[in-house]
Amino acid sequence: MAELKLPNGPQRTALQENLRAARSTETDHDPRWRVRIHLADNGAEIPPVWSLASIIADRAVRGIFNPEAPRVIALGLLSLLHPGRLLPLQADMHHACLAQLANMADLGDVQIVLPPPADDAAIVLHGAITAAHPQAIVTVIDFLAGLDGHPNTFFRRSQVWFPVLGGDASMDRLVAVEVSVSPNLKQDGNDEFLVQGLSRLDGDINQSFVTLLQKTRKLDPQPAGIWHTKIRFARGFQGRSCELALVLADRIARGREWPATGRLIASGCISDPDKGIVGDVEGCERKCELIRNSARKGDRVLLPVAWGQNMPPSFLGELLGNGASGILMEKLLP
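Thresholds applied
For every chain, the first residue of the written sequence is number 1, and numbering continues from 1 onward in sequence order. The predicted origin of the model limits local features to residues at a pLDDT of at least 70 and limits the giving and counting of side-chain atom pairs to 80 or more, whereas totals for whole chains, interfaces and linings rest on all residues. Side-chain metrics in this entry use all non-hydrogen atoms of the structure; hydrogen atoms and water are not considered. For this analysis, a nonpolar core means a set of buried residues of the types Ala, Val, Leu, Ile, Met, Phe, Trp, Tyr and Cys, connected via side-chain atoms within 4.5 Å. Working definition: with a 1.4 Å probe on protein chains only, accessible area under 20% of the residue-type maximum means buried, over 50% means exposed, and in between means partly exposed. Only DSSP runs of H or I reaching four residues or more are called helices, and only runs of E reaching two or more are called strands; each is numbered from the N terminus. Here, residues are in contact when the closest pair of their heavy atoms is within 4.5 Å. The term salt bridge refers to a pairing of a side-chain nitrogen on Lys or Arg with a carboxyl oxygen on Asp or Glu at a separation within 4 Å.

Colleague: Could you give me a rundown of the nonpolar core, with the residues and numbers involved?
Modeller: In a soluble, globular protein the nonpolar side chains are often hidden away together inside. In terms of nonpolar packing, the biggest core is built from 34 residues, with Val-160, Phe-162 and Ile-231 touching the most fellow members. Per-element tally for this core: the top contributor is helix H6 (residues 243–253), with eight residues. In this view, Phe-162 contacts Arg-173, Leu-174, Val-175, Ala-176, Val-177, Phe-233, Phe-237, Ser-241, Cys-242, Ala-245 and Ala-266; residues no more than four positions away in its chain are not counted. Within the second largest apolar cluster, 18 residues are counted, among which are Leu-19, Ile-55, Ala-74 and Leu-78.

Written out as structure tokens, the structure reads:
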């Protein structure tokens, strides 16, 4: 998980949630960055006037946002319900901040980043800001993707690998399931799903994957109906051992889990999707052997807690020796 060096105090949790939500919209998030964030004394204000400014600072220091001027002033609030969408602050506070900016002396060469005006008063204040700072580059965006001139949306994918056993050990393989998500622009309250790569499987099996994700998504605070989701399996298989991998790929793509530095490898079913319980699957010893021989530096391995009694005693230690890590899971995190 990427480390955020944050100030202590009442704003710490809000700042952490804000930055992690923003990072979840990045197409290729690199979890190896260590970023230290400092806020001034007034950082405890709620709603946080620093929301968009902290995101821009985080992206600029990591080299994924290139400001168009030496200084950047930003005012806006990241929606934690709709991925990547920027909102104005509560009306009175937003108007007051815009007015303060409009009444400042000419700021010279500066980039000002704002969400679209939500009412007539904000439209007037936007015009006043432009007039007060004629050299400023005023950037108005309603999605974070607009910081780089991209369309007002984002697309993100995640791969998780799971072991599939063949007729004998020589045919055992790690197989990838890929989940990609983009905002559902219909906003009709219904998530859209498409399952690809399993043409030999019937519709009932494909629907079981959709139902699984619909149920496990209820465990986190994101509302229904905001995602268009594609599920793609690299090859066919039998059984339920892909379920944990599928759910983890979905959660990573939606920003609910952080990816591993290397690959994420998982085996297990979701025995109770409504509670996120991770259940046992067959083939513990052979699958552990396959994973041990395949794991490399940076890989993270997630397995059912029920395997703890059946896996080779040295299995987790050998993973560590290869630079990987292993965790036994009882349930999904909320």
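Colleague: Describe the pattern of salt bridges, listing the residues and the values that go with them.
Modeller: If charged atoms from side chains of opposite charge come close, those side chains can pair. Taken as a whole, this structure holds 14 salt bridges when the rule is applied. Between Asp-191 and Arg-217 there is a salt bridge whose closest N-O contact spans 3.6 Å. Remark: Arg-217 occurs in the loop between helix H5 (203–216) and strand E11 (227–233) and Asp-191 occurs in the loop between strand E9 (173–183) and strand E10 (192–196); sequence separation between them is 26 residues. For the pair Asp-191 and Arg-217, a shared accessibility class is recorded, and that class is buried. It is possible to trace a salt-bridge network through shared partners that takes in Asp-191, Arg-217, Asp-220, Asp-250, Arg-254 and Arg-256.

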